[in-house]
Amino acid sequence: MISACETQEFVPFGRRYIENHPGIFQIQVQNHVSTEQGIPLVKSFRDISITDPKKPKEHWMFKKQCKDFSKENEHCDEELYVSGNTVIWSHGGQSGIQQVLKTFTMDTPVLQALWFDFILPNTEIVPDPPSSLDIEGDLQTGICVVELGCVSCYCQSGKEYSMALPFQIASVWKMKNGLLFERAVSMAESSNSKRNFPNQTTVFSMLHCLDEVSPVITRTNTSSGLKVSYMTDTSQHIVYTSVEPSLALIYDSQLGVHSAWRIQRAKIDDCSLVCGTMDNSLYHPAPGTPLNNQSSCSSRYFGNLSSQSPSVSPLRNFSGRISSPGCLYLPQPISPMISSIAASRSQSPAVTSGSLHRFHTPSPNLGRHSGNYFRTPPVCSSNVSLINESFTEWVEPLRPEVCLEHLWTEPAPAIRDGSLGKSAKVFQMRDLCGQQYLCYLITYRQQLRCVKFEESNDLSQLIFGSVSIIPAKDALPIESLNLLVVLDPNGVLFIYSGVTKLNRLHVSTLPLGSGSLSMLKPVTPMSSPQRGGIFTSSRPPSAMDQAGFDEEITRLSPVQTDLEDSSHFDEFQAHSSYIQGLRDNVGKRFTIELINGSMVRAVMPKASLSPGIEKSLQSLRHMLPKDIAISVLGKWYTTRNAPGGLGNQSEWTLFTKTLFGLMGYDTSRLALTSQEDLDISASPAIVAKKPKQSDQGSEVDWEALIGSDHHKFIKSSIECCFGLDCSSTSVPASKHSFPSSINTSSLLFVHIPAVFAALHLTFEELLLSTTLVEEVENLVPSLYQLAVDLRKTNYADYYCRKFPSLYNSCSDEPSQITEEHLIKLQYPGMVFDQVVSVDHWVNAALKEQECFPFPYIPGVCNLTKSIISLYAVLVKQNMTTEQAVDRCLRRLAPAGHRGPITDLSLSRSFSVTVPTTSVQERMVLFMTDLGMTLEELECLPVGLSLPFREAIFHCRYNPPSDWPEEPYVLIGRQDLAKLLSMGKKKNVCPPGIYTSKPYTGTEGTQYEEDGMEHLDQELLRLRFSEDLRVSEARRLLQSSRPARIALTQRPEVSDHDFIEEQERHLYNICIRTMALPVGRGMFTLCTYHPLPTEPLPIPKLCLQGRAPPRNATVDLTHIDTPANMSSWPQFHNGVAAGLRMADFSHIDSTWILYNKPKGNELTNEYAGFLMALGLNEHLIHLHSLNVHDYLSKGSEMTTVGLLLGLAAAKRGTMDFATTRILSIHVAAFLPPTSTELNVPHNVQVAAILGVGLVYQGTAHRHTSEVLLSEIGRPPGPELDNCTDRESYSLAAGLALGLVMFGKGNEVIGTSDLGMADTLCHFMTGGHKRPLIGSNKERYKAPSYQIKEGDNINVDVTSPGATLALGMLYFRTNNSAVIDWLRVPDTQFMLDQVRPDFLMLRTISRGLVSWDFVVPSFEWIKSMIPQILQEKAFERKQGEEDDVMIDYETMSQSYCNVVAGGCLVIGLKFAGTANQMAFGTLMKSIKLALTIMSSQSHVEQTGRGVLENCMVTILLSLAMVMAGSGNLEVLRLCRMLRARIGPPHNIFVTYGSHMAISMSVGLLFLGGGRYSLSTTPEAIGIMLCAFFPKFPFHSNDNRYHLQAFRHLYVLATEARVVLPRDVDSGEPCYVPLEIRFKDTADYCGEVFRTSAPTLLPELDKIEEVKILGPRYWPITFHIDKNWSTLNLLLKKNGILFVKQRAGYLSYVLDPKGYRSVLAKSLTSDHSSHTSVKPDVIKAFTTDPVISSMADYFLMGKDDCQRNRTLQKLSSILYSCVTQEKPEVISTHLRLDQVLNQSNFSLTHLGIRQLKNILAYYNSPFNLGKLENVSSTQLLQMEFLLALKSQLEDRLDRWQAANMEGIVKYLQTNVVESCDLVLLSAYVTWYNIPTPEEISKIIVEGGPTLPVLCSTLPHLPVNTVMQILAAWQAAV
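These figures come from a predicted structure and were not determined experimentally. (Residues numbered from 1 in each chain as written. Predicted model: local features only at pLDDT ≥ 70, side-chain atom pairs only at ≥ 80, totals over all residues. Heavy atoms only, no water.)

### Examining the overall build of the protein
Stage number 1. Looking only at helices and strands, the protein has 70 helices and 45 strands in total.
Stage number 2. A buried classification covers 55% of the 1930 residues belonging to the protein.
Stage number 3. Taking contacts inside the protein between residues at least 6 apart in sequence as the whole, the part at least 24 apart equals 70%. (Helix = DSSP H or I, 4+ residues; strand = E, 2+ residues; numbered from the N terminus. Buried < 20%, exposed > 50% of the residue type's maximum accessible area, 1.4 Å probe, protein only. Contact = heavy atoms within 4.5 Å.)

Right under this line is the structure:
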């Protein structure tokens, strides 16, 4: 009998919870006008019932707990409970706390609720999908709630989907990655003749909530061929579906038989076949109906349902589904036939269509409108008729997605038996051998029918066997144990495995409330030697006498011969008819339903708690024939879990007895089992002893214990453990086997060799885990017994050597197996000639000896397989991994199988491993493939795992860069693993971003809300750790605090005048303040991650002042200031705030609207914010309706910001929608006849540059043609284009330059436009050319304000044309264009050109001759003509000087040319921090400052010109040093920005301050994370942003629109590398080496720096290396893992690095003195013994090592003499200094095994030392291979010291025990010698077994040569001593 455990009363959690659930409640909506007045009345009538209220129908289901919720508690179940309209989803269990996850209350009663799995595909489905339902995609799981006409799906991610189905649902079934719907069929329809129409289909499938339901087709192979049809047979009903394998069981009510079908994806051939067989007579296609598959609506094939099935209302016929309001899933397009309701559907989920109507009842006689309950108002009748009429026009049915392929039909019952009826319960189960059965319960017959099925060899199909019948009222599979619980017709519970009955199930705590049963007292006496515990029976106590009970216990679990008759099961006929049914199996738990309605939850016990027994059972299952294996496993399960439990014996004792009993041994007479009986019966816990009255103990207790047999038995093993003198006592005769013979008819007798093989391979597997030593000790006596009985002396000796205590078991008693018996045994396919041992195999392989393929049992010997495979890779280095493994492993076929099976699991991912050359790398990759972890390596024996650890150790230094993530984790390079995992993750904010606090500076809370509070302080603190430059930059860009007006009132000044004076000073400061936001935007670029629930904070632009000492507020109220002075500064402030958002912030259209200012006014700051969103590419999320809304408001600033933002977001894409938006604002892009729109001038300027951005680099012909003509656009017509024409012309020129950038020599399509000629004409001037094309019409009417002559107005056209020419011929070195752009070299020619245009010509010339730009002052001078160099800044000395020379022009021209040359250098070397360029530009700006300091020069040149040139040079300098935070440039900026008020305010304009603030911002671009790029696209953008003409005042847009200043964002790129320690997560310093690509100018350039730093542009470098010695090296090379570096820079630049052992970080030890000192102090090896903890801590921060040093090396001085302490400190020191901390434990373990415990010199330790030495001395030692550092993990001196200690000890023992050794060698008899040392001796010296020696040595004794060859590992003098002793003994 088998006893269930942990039984307790059970009530579904949902039933208890629903008592407190409010149920359905309606939320009252105010002001709700119903479109049809009758609806509320219908609702109230619906709630009235004249029948008695019944309790709602309830049902529930269970499944295993998902891993997400609870990892630690495996006893958790998930429960889905349905009652009435409510669904309760909860989780918890008997041991877990029950908790509700979700509750759903629906409008109508819930028919069904079930879990679903859908896959949202990543890509479009391939045209012919595979037959499997598995596809690539994201798995979505959740709950599906089914009502009568609709289905609601609730995903765990929070998404919700509702689908109204066009039919009523009978039932829903889960299939693999989808659902099957069975529709309700009316009586009328089922009586109709069957036809194969899609609209008659009864089963539908849905593979995702967003898909339509599609009809299911069936595929049957009949005698006449393949038949494919729609599933329209109304007599077929699904009774069961399973996910794995994907099966459905269908019952045919007409034939009365069940059939099995495979659920698979429908193939295209089948679909076309079934569509071809359709009778098209019902369809009358309209002539022009498009067969558009995209607008597929369900109604196309449900058209005729209404005529055949009255229960299905036609109102539902055109529905798809709707999304829930919470999701942004738009409905699919709807056919034009129902366009009348499309509008309402697209706006709200509450669609006024029949798709959402949920009918209250399926009654067929319902009217169409009245009396129905609608969720939404019904559609009008005209719509209904339209839909009904249009049915015939829909032709194409939906493509079927799922096909049911017929597999098997049960044999039809005999006619006389009648139909068996539909199955009440169906399930799949496996038996103990893993064979699969499909079982269905026929309640009518009380039969459980089981069909065995299995996969064919090619895994393509399922093969079904015959039907087996088990009499049963109910049945339930216990899936986790592969058992079946059956309630037989008599009401008794039995356990089956498959169709084999094992035994009866006893459930102890069933409630005995029926009165027929009474609680019975325990009758088993407590002193029973067999079993303790309680045994309950319904028989009278008199029948339960002791002998009878014992006899019955032995007959409880019959073996196979007894299984046919159930006579002794019937002896336990309890009146158990109170059990009604079984249900809800999860894991080992199941529920028993009782007649009275209560339920009990019971738990089936495990087969074993011991991992060793578990593995042994698995081995036996594999090696024995299936039927015998089931009997053996069943017998064990019954014995193990009998009522009363194990009693006082161990599980292994019981297992040994059971197994030997099954093999036919007489266990009572076997020493192995009788010895353990003694153990149990003599246990003092069982010996009855009269209880004492006193609570105090006494001497008598102790004496009783000492005198017990139990003590004598335990004594010997205890003495050995404590190293006491355990003299081997004489073993009593009773201990040995008594003469008896084996029972040859027993179940396992003939399979004894197979049992031995299975147990031996299990033994080898258990030996490989150091955690399972106890299991091995329990298993080995059984193996030894079998080896002796099977006459396998080599195995017997092998076990004795491993476990010396077995030598005592040698006995002269005869074996129970005789020679005659041996002949009858069946031997498995395993070779027994030589011992199958992993140790022996590895040793032989390392010595390059021939090795046999090692046998293993799949699924059991996993460690064996892994270790042998890895050694195969090591020793067979010339083969591929796959070949090597195939040579060295042999998979044992299961018993009864025809031949060896190929191992699929081994050939998993060799594609990775074959090409790598190094054997270490192949081993590491293979370890990853095998799923090995560092924890598993720790558990392997030291000697075997050493080569794997060495491979890991050697790969750690320089692993390949193209590995996957897992091998990096294995070798301890988490830094590289993190780098790889970065690519898999979605963009996430770096740690601590949302919680970053405002930076607290020196002045308290002064910095709050200044827009700069979210900088990355960690990075800035590391990059600029030595000074406060970041704080200073922040102070310089501060614009949100009132300015300090520190003026002193002079006595003569009145108060009123003083207030005016203060305000004038404030006004001068405000000019600077208004210019700061542009620079602040640069400084804070991408530094903030906004919360989606909060608006973006925009710091205020403060134009107030505070006057000390009272901090009185100063306002600009008493002086005149320009109107709208702060409009553009506010725009810039908005841009700066918007640019703070990081690239990967999660932003959508809703959030953008959420930031809209309160009220309906669009502010200038919001306009800037929109532009910033475009520059960050977030504006593409803004819906086009919202774009239209903003543009229609007519706000000029908003339009400018939006147009530039959209154009920037769609840069270079030629996006059609964006082009249309921009074209509306540029008249030239509209047809001449279009309506004239009043577009503000600034908007036109922004739009035309926007066109250039959208078409950047495309050389689009039409666009370039229009832009070219717009450069020379005349004023007019009428009042248009009269003001600020220069900015429009410049924008057109820049836009043209962007479109045609660098295309001058290659553009063919535009060559006929004469583009270069036209641009030159616009640049130099001349007669106007006649207008052509559309412009001719447009400019018929002249301008009313400006009268231009016949010549081109060069002042307007020249800047744009000059730059366009330079950009067009960028880097072409075209000599003709260079000549055009050359600075004139004569006075006359210079007079023809404005000096500021010379700057632009110089810039353009530099762009054309880009390759020749050199960052030297000589190159700048080469741009200046001789005349300028000579005449600039000269004064007239005498009369003889040339009066014609205009010195002012000369000086101005000189300054502009120099500034232009500097800007070219700035553009070419932007973001490079090139020292030569920096030096040249510093020299230039110092020259400018020198000129500024000379009054005469200033007067001659003009302050305005000098100022503009100087800030241009400053900006160029900041461009070169972008992101570097250079102090010299910062000081320059600070000096120049201090020029405020008289006399500076005349020439230091708003534009100057803007340039200075941009320079500061560039130095700390993006908070030190960003730099500028020098790609051609970026250079064009930088020309637009850094155009060297700055506004004169804050509203000045005459020459250049201020909004363009922010375009620099498009030229920035993140290039910072911020190293973080992968273990601590802290940022740190790391040395970097950067190698540049070779160019014509330099080759082999390498420079070293320290990260965090900005990298150079990636296209200029080929390698980035992290240098040692403190961190593990990482190399990024352009040919290998360059994409990883790219990704790293995009994702915050965080580079994870791993600190090496033995080093401190650069923060703790900047110069490395601490580490050097510690190492120099201990470099002398003699001082290793006294290493102090402080010394070790000086060069490592590893907490484990520090703790070890603290706890083990701390001590008093005299402790230093302690040898152990010295050794420990030496080991610890050497491992840490040589970066091998992982082998500290290995050293200690080896030392412990051989030294610490002299009494436990185990075979295990000696074998490990042998293996280690064998590996290090073998040719396969990885340390000896080329290109690998010579360091090895274990020091050779340490190993040799251990070896010499061991041999010294063995020599001493040998001298004292020579006679015993010789006796053992001669006769295999062990007498009176230390068994442990004997075992150690024979193992260490590889001494052959006595049997092998006897074969070699002939009669008359051995000779010295023979003995020397037999014992090659012993020294010759030892051999001679043995020979002498041998001869003396003879």
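Here the narrative resumes.
### Thoughts on the sheet that holds strand β45 (residues 1694–1697)
Stage number 1. Here three strands make up an open sheet; going across it, the order is β42-β39-β45 and the pairing mixed. Where the open sheet ends on each side, the last strands, each with one partner, are β42 (1653–1654) and β45.
Stage number 2. Here strand β39 (residues 1616–1621) pairs with β45 via four bridges, running parallel. Within the sheet, the bridge partner assigned to Asp1621 lies in β45 and is Val1697. (Pairing = 2+ DSSP bridges.)

### Looking at the side chain of Ser1559
Stage number 1. With respect to the helices, strands and loops of the structure, Ser1559 is situated in helix α56 (residues 1550–1563).
Stage number 2. With near-sequence residues (within four places) excluded, Ser1559 lies in contact with Leu1514, Leu1515, Ala1518 and Cys1533.

### Points about the packing of aromatic side chains
Stage number 1. Per the stated rule, a full pass over the model turns up 38 aromatic pairs.
Stage number 2. Between Phe167 and Phe204, the aromatic rings sit 4.6 Å apart at their centres with planes inclined by 15°, giving stacked as the arrangement. Placement of the pair is Phe167 in the loop between β10 (160–164) and β11 (169–175) and Phe204 in strand β13 (residues 203–206), with a sequence separation of 37 residues. By the burial criterion, Phe167 is buried, and Phe204 matches it.
Stage number 3. Between the aromatic rings of Trp1151 and Phe1169, the centroid separation amounts to 6.1 Å while the plane-to-plane angle is 55°, which identifies the pairing as tilted. Here Phe1169 lies in helix α36 (residues 1164–1175) and Trp1151 lies in helix α35 (residues 1149–1154), a separation of 18 residues in the sequence. The same class applies to Trp1151 and to Phe1169, which are both buried.
Stage number 4. Looking at Arg1670, its charged tip hangs above the ring of Tyr1706, at a distance of 4.0 Å from the centre. (Phe/Tyr/Trp six-rings, centres within 6.5 Å; stacked < 30°, edge-to-face > 60°. Lys NZ or Arg CZ within 6 Å of the ring centre and 35° of its normal.)

### Some remarks on empty space enclosed by the protein
Stage number 1. As enumerated under the stated definition, the model contains 11 cavities of 30 Å³ or more in all.
Stage number 2. In this structure, the largest cavity encloses a volume near 100 Å³.
Stage number 3. In this structure, the largest cavity is lined by 14 residues; those nearest its centre are Leu767, Leu768, Lys802, Asp839 and Gln1808.
Stage number 4. For the lining of the largest cavity, the secondary-structure elements that each account for two or more residues are α18 (752–767), α20 (793–802), α22 (838–846) and α64 (1803–1817).
Stage number 5. Among the elements that take part in the lining of the largest cavity, α64 stands out by supplying four residues, more than any other.
Stage number 6. A class-by-class count of the residues in the lining of the largest cavity yields seven nonpolar, three polar and four charged. (1 Å grid on protein atoms, 1.4 Å probe; cavity = no way out; pocket = protein on both sides within 12 Å on 5 of 7 lines; lining within 4 Å. Points joined across faces, edges and corners; volume = space filled by probe spheres on them. Nonpolar A, V, L, I, M, F, W, Y, C, P; charged D, E, K, R; others polar.)

### A short note on the sheet that holds strand β30 (residues 589–594)
Stage number 1. The strand order β2-β31-β30-β29 describes an open sheet built from four strands, whose pairing is antiparallel. Strand pairing shows two members of the sheet lacking a second neighbour, β2 (5–10) and β29 (579–586), which therefore form its edges. Neighbour-to-neighbour, the strand axes of the sheet open up by a mean angle of 25°, direction not taken into account.
Stage number 2. Bridging between β2 and strand β31 (residues 599–603) involves four bridges; their strand directions are antiparallel. Looking at the pairing, Phe10 lines up with Met599 of β31. (Axes fitted to C-alpha atoms, helices over the stretch in contact; angles between N-to-C directions.)

### Topic: helix α43 (residues 1315–1324)
Stage number 1. α43 sits mainly inside the fold: eight of its 10 residues count as buried.
Stage number 2. Considering only its buried residues, α43 is in contact with α41 (1261–1271), α42 (1285–1299), α45 (1354–1368), α46 (1375–1381) and α48 (1395–1408).

### Focus on unusual backbone geometry
Stage number 1. In the segment running from Pro1542 into Pro1543, the intervening peptide bond is cis, with an omega of -5°.
Stage number 2. Assignment of secondary structure puts Pro1543 in the loop between α55 (1527–1537) and α56.
Stage number 3. A cis amide bond links Ala1651 with the next residue in sequence, Pro1652, at an omega value of 10°.
Stage number 4. For Asp584, which is not glycine, the phi dihedral falls at a positive 55°.
Stage number 5. Following the sequence through the fold, Asp584 ends up in strand β29.
Stage number 6. Taking the relative accessible area as the measure of exposure, Asp584 reaches 12% and is therefore buried.

### A word on a nonpolar patch on the surface
Stage number 1. A cluster of nonpolar side chains, Trp702, Leu705 and Ile706, forms an exposed patch at the surface whose accessible area comes to about 290 Å².
Stage number 2. Here Ile706 lies in helix α16 (residues 699–707). (Patch = residues over 30% accessible without salt bridge, like charges linked within 9 Å, V, L, I, M, F, W, Y side chains within 5 Å. Areas by Shrake-Rupley, 256 points an atom, 1.4 Å probe, with all protein chains shown as cover. Salt bridge = Lys/Arg side-chain N within 4 Å of Asp/Glu carboxyl O.)

### A word on the pattern of salt bridges
Stage number 1. Evaluation of the coordinates by the stated rule reveals 51 salt bridges.
Stage number 2. A salt bridge links Asp77 to Arg601, with the nearest nitrogen and oxygen atoms 3.4 Å apart. With Asp77 in strand β4 (residues 77–83) and Arg601 in strand β31, this pair connects stretches of sequence that are 524 residues apart. The pair formed by Asp77 and Arg601 is uniform in burial state, with each residue classed as buried.
Stage number 3. The salt bridge partner of Glu405 is Arg219, with a shortest N-O separation of 3.4 Å. With Glu405 in strand β20 (residues 402–409) and Arg219 in strand β14 (residues 214–222), this residue pair connects regions lying 186 residues apart in the sequence.

### Here we look at the nonpolar core
Stage number 1. Within the largest apolar cluster, 217 residues are counted, with the highest numbers of intra-cluster contacts made by Leu505, Phe590, Phe763, Tyr799 and Tyr1881.
Stage number 2. For this core, the element with the most residues is α18, which contributes 11 residues.
Stage number 3. Excluding anything up to four places from it in sequence, Phe590 contacts Leu476, Ile478, Val485, Leu505, Leu582, Arg583, Asp584, Asn585, Val600, Arg601, Ala602 and Met604.
Stage number 4. Formed by 186 residues, the second largest nonpolar core is a distinct cluster that contains Tyr1288, Ala1295, Cys1509 and Ala1603. (Core = buried A, V, L, I, M, F, W, Y, C linked by side-chain atoms within 4.5 Å.)

### Comments concerning the confidence of the model for the protein
Stage number 1. On average, residues of the protein score 80 in pLDDT, and 78% of them are at 70 or above.
Stage number 2. The low-confidence segment residues 28–36, where pLDDT is below 50, has three contacts with residues more than four positions distant or belonging to other chains.
Stage number 3. Predicted confidence is poor over residues 677–692, with pLDDT under 50, and the contacts of this stretch with residues over four places away or in other chains come to 20 contacts. (pLDDT = per-residue confidence, 0-100.)

### Observations regarding the state of the cysteines
Stage number 1. In total, this model carries zero disulfides according to the counting rule given.
Stage number 2. Take Cys144: it sits in no disulfide, and the sulfur closest to it among the cysteines is that of Cys153, at 4.3 Å. (Disulfide = S-S within 2.5 Å.)

### Details of the pairing of β4
Stage number 1. Among the seven residues of β4, seven are classified as buried, and the element is accordingly described as predominantly covered.
Stage number 2. Where burial is concerned, the two faces of β4 agree: the one with Asp77, Glu79, Tyr81 and Ser83 and the one with Glu78, Leu80 and Val82 are both buried.
Stage number 3. One ladder, built from seven bridges, connects strand β3 (residues 58–64) with β4; its direction is antiparallel. Considered in β4, the bridge of Trp60 is made with Tyr81.
Stage number 4. Relative to strand β5 (residues 86–92), β4 runs antiparallel, the two sharing seven bridges.

### Some words on the packing of α45 against α48
Axes are the key here: two packed helices are described by the angle between their axes and the distance separating the axes.
Stage number 1. Contact geometry of α45 with α48 gives a least axis separation of 7 Å together with a crossing angle of 15°. As summarised for this structure, α45 and α48 are arranged roughly parallel, according to the angle between their axes. Judged by the twist between their axes, the crossing of α45 over α48 is left-handed. The segment α45 lies against α48, with Val1354, Asp1355, Ser1358, Pro1359, Thr1362, Leu1363, Gly1366 and Met1367 engaging Phe1397, Leu1400, Arg1401, Ile1403, Ser1404, Leu1407 and Val1408.
Stage number 2. Class assignment for the residues of the contact of α45 with α48 results in nine nonpolar, four polar and two charged. (Parallel < 35°, antiparallel > 145°, perpendicular 65-115°, else oblique. Left-handed = near helix turned anticlockwise from the far one by under 90°.)

### Regarding the packing of helix α33 (residues 1055–1083) against helix α34 (residues 1127–1139)
Stage number 1. One can describe the packing of α33 onto α34 by two numbers: an axis separation of 8 Å at closest approach and a directional angle of 20°. Comparing their axes, α34 and α33 come out roughly parallel. In this structure, the crossing between α33 and α34 has a hand that is left-handed. Between α33 and α34, the residues in contact are Met1074, Pro1077, Val1078, Arg1080 and Gly1081 and Pro1129, His1132, Asn1133, Ala1136, Ala1137 and Leu1139, respectively.
Stage number 2. Each residue belonging to the contact of α33 with α34 can be placed in one class, and the counts come to seven nonpolar, three polar and one charged.

### Structural notes on the environment of Lys64
Stage number 1. Relative to the helices and strands, Lys64 is located in strand β3.
Stage number 2. The sequence separation of Lys64 and Asp77 amounts to 13 residues, and the corresponding C-alpha distance is 5.0 Å.
Stage number 3. Excluding residues within four positions of it along the chain, Lys64 makes contact with Cys76, Glu78, Val586 and Gly587.

### Looking at the side chain of Lys1303
Stage number 1. Looking at the element boundaries, Lys1303 is found in the loop between α42 and α43.
Stage number 2. Taking the relative accessible area as the measure of exposure, Lys1303 reaches 19% and is therefore buried.
Stage number 3. Within the structure, the side chain of Lys1303 is placed 3.3 Å from the backbone oxygen of Gly1257, a separation counted as a polar contact.
Stage number 4. Beyond its immediate sequence surroundings of up to four residues, Lys1303 is in contact with Gly1257, Ala1259 and Leu1368. (Polar contact = N/O pair within 3.5 Å; in protein donor to acceptor, adjacent residues only side chain to side chain.)

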